[in-house]
Amino acid sequence: MSDLGVGFRYLLKGQRWVARHGRSYGFGLVPGLITLVLYAAALVALALWGEDAVTWATPFADGWSSPWVGLFRGFLTAVLFALALLLAVVTFTAVTLLIGQPFYENLSEKVDRDVSPDGHAPESGLPLWRELWISARDSLRIVVRAALWGVLLFACGFIPVVGQTVVPVIGFFVTGFFLTEELTSVALQRRSVELRTRLGLLRSRKTLVWGFGTPLAVAFLVPFVAVFLMPGAVAGATLMARDLLGEEIREDGAEGDGAVTTPPQPPSGSSAPAR
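Attention in this report is confined to the structure presented alongside it. (Residues numbered from 1 in each chain as written. Predicted model: local features only at pLDDT ≥ 70, side-chain atom pairs only at ≥ 80, totals over all residues. Heavy atoms only, no water.)

Describing the overall build of the protein
Link 1 in the chain: Summing up its helical and strand segments, the protein has ten helices and zero strands in all.
Link 2 in the chain: In the protein, the order of α-helices and β-strands from amino to carboxyl end is α-α-α-α-α-α-α-α-α-α.
Link 3 in the chain: Taking 2.2 N^0.38 as the reference for a compact globule, 275 residues should give roughly 19 Å; the C-alpha atoms of the protein span a radius of gyration of 21 Å, in line with that estimate.
Link 4 in the chain: Principal-axis analysis of the C-alpha atoms places the extent of the protein at approximately 75 × 35 × 35 Å.
Link 5 in the chain: For the protein, buried positions account for 44% of its 275 residues.
Link 6 in the chain: For the protein, the proportion of contacts with a sequence separation of at least 24, taken over those separated by at least 6, is 76%.
Link 7 in the chain: The averaged location of the 22 negative side-chain charges in the protein is 3 Å from the averaged location of its 22 positive side-chain charges. (Helix = DSSP H or I, 4+ residues; strand = E, 2+ residues; numbered from the N terminus. Rg over C-alpha atoms; globule rule 2.2 N^0.38 Å. Buried < 20%, exposed > 50% of the residue type's maximum accessible area, 1.4 Å probe, protein only. Contact = heavy atoms within 4.5 Å. Lys, Arg positive; Asp, Glu negative; His and termini not counted. Charge placed at Lys NZ, Arg CZ, Asp CG, Glu CD.)

Written as structure tokens, this is what we have:
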């Protein structure tokens, strides 16, 4: 099976894993619900007062004749809300993972123990405050990268034809890549894999990453879907992290079908440096 199909399979396997472990799934929903409430409140506030903010920020347009001032400020308001939606999609996973660090660490460890031939789950050995700091620092770096891509793609969206066809497709692939990085970071951070090495691992298997992250990026556009898919996405990303590092996966633990163990092939140069 091509890496594209393998990535999608990990996404499905993660959802099946949490479906078979109801308690882990229930705890995994809590961070997403908290993040959803916060983001919804921010977007509602922007919808109510965004036009006022644009008016305040463009005093030079006060003397323009009608209808140009209204069209100009209406366009800027729409752009502001569109950017806010894009930022919400890109950062939702990072913020949810940060809020739910203890929840998702526990879930990821359970997946590791379930699919590991020896029942072992790697541990970072770091105190919680240190793990939170590393997660917040790395998430900020990823958000900055994603925001730069978002601005670039938004600007390209004004190109006739290409901006309305090719650019949105590229946007989903880019968003899927960064979503996958954030999700796999839960398992890889426990293995002391630095951000630069994580990005190198993901770039070495881009089609695997796109197969996992792109469908997830599309699904996350539907309201509330991200909340319910997050626990399974973390579980699936843990399985994919084991694949990226060449760790053996006990298939009967992941699938529940009694399959034999299947060791994935490790990519070159994927060893995890000590933090």
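Things to note about helix 2 (residues 22-57)
Link 1 in the chain: Compared with an ideal rise of 1.5 Å per residue, which puts 36 residues at 52 Å, helix 2 spans 49 Å between its outermost C-alpha atoms and is within 8% of the ideal.
Link 2 in the chain: At Trp49, helix 2 shows its largest bend, some 55°.
Link 3 in the chain: For helix 2, the set of buried residues is Ser24, Gly28, Leu29, Pro31, Gly32, Thr35, Tyr39, Gly50 and Val54.
Link 4 in the chain: Looking at the buried positions of helix 2, the neighbouring elements they touch are helix 1 (3-20), helix 3 (68-99), helix 4 (101-115) and helix 9 (225-244). (Expected span 1.5 Å × (residues − 1). Bend = angle between axes of the 7 residues up to and from the residue.)

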